[in-house]
Amino acid sequence: MKFLAISGSLRAASHNSALLRAMARLAPAGASVEMCRGLGDLPLFNPDIEASDPAPVAALRAQIISADALLIASPEYAHGITGVMKNALDWMVGCEAFVLKPIALLNASPRAVHAQASLREIVTMMSAQIVEPASITVPILGSGLSEEQIAVHPEISAALRAALEALCAAVATGRAARL
């Protein structure tokens, strides 16, 4: 199984990106987590250029389509998701990349309730399948934990492994239903 991890932050020191990279370290046997790159390269969404399929947009769409499931983590800015995350999602609305795609919504801060609610609303409208047991908040903001420390922290790593297992189960169930 191939999971694509999408962070709504472009910051090198992003807690949400560190959370996703830690999850990549904890992927169970038979699964891999690949970090999505290039959200900062996307042009601002503009329906006038949508038909020209800009290369960064086509690359993102191909990554999403080829993934069995998505892990999405976004910080909260001004009671919403980041501009880079909203822009990426806006580019995907006009295609079917998210339709029935199993998705785990993750967050590195329990204070980011508005971003999580907004993200949930957007991906639901895009017909994604939110996997509830895989959608968790991991309170690492302000903890000082590095990516490595997140991956080995007993309680946090157990929660991340459980989320990954739930996502694997959702993908397996979806595959079985299509047979």
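Refer to the structure above for everything that follows.
The rules behind each value
Residues numbered from 1 in each chain as written. Predicted model: local features only at pLDDT ≥ 70, side-chain atom pairs only at ≥ 80, totals over all residues. Heavy atoms only, no water. Pairing = 2+ DSSP bridges. Helix = DSSP H or I, 4+ residues; strand = E, 2+ residues; numbered from the N terminus. Phe/Tyr/Trp six-rings, centres within 6.5 Å; stacked < 30°, edge-to-face > 60°. Buried < 20%, exposed > 50% of the residue type's maximum accessible area, 1.4 Å probe, protein only. Axes fitted to C-alpha atoms, helices over the stretch in contact; angles between N-to-C directions. Parallel < 35°, antiparallel > 145°, perpendicular 65-115°, else oblique. Contact = heavy atoms within 4.5 Å. Nonpolar A, V, L, I, M, F, W, Y, C, P; charged D, E, K, R; others polar.

Draft legend 1. Fine view of the sheet that holds strand E7 (residues 129–130). Read from one edge of the open sheet, five strands run E2-E1-E3-E6-E7, paired in parallel fashion. Of all the strands in the sheet, just strand E2 (32–35) and E7 have a single pairing partner and so form its edges. Sheet analysis places strand E3 (residues 69–73) next to strand E6 (residues 102–106), joined by four bridges and oriented parallel. Considered in E6, the bridge of Leu70 is made with Ile103.

Draft legend 2. Inspection of the packing of aromatic side chains at higher detail. Per the stated rule, a full pass over the model turns up one aromatic pair. Between Phe45 and Trp91 the ring centres are 5.0 Å apart and the planes differ by 80°, which places this aromatic pair in the edge-to-face class. Of this pair, Phe45 sits in the loop between E2 and helix H2 (47–50) while Trp91 sits in helix H4 (residues 83–93), and the two are 46 residues apart along the sequence. By relative accessible area, Phe45 is classed as partly exposed at 29%. Among the residues examined, Trp91 registers a relative accessible area of 2% and is labelled buried.

Draft legend 3. Inspection of the packing of H4 against helix H5 (residues 113–125) at higher detail. Across the interface, H4 lies against H5 with an axial gap of 11 Å and an inter-helix angle of 10°. With respect to each other, H4 and H5 are oriented roughly parallel. The segment H4 lies against H5, with Met85, Lys86, Leu89 and Val93 engaging Leu119, Ile122, Val123 and Met125. Residues of the contact of H4 with H5, tallied by class, amount to seven nonpolar, no polar and one charged.

Shape is all these values report; function is a separate question.
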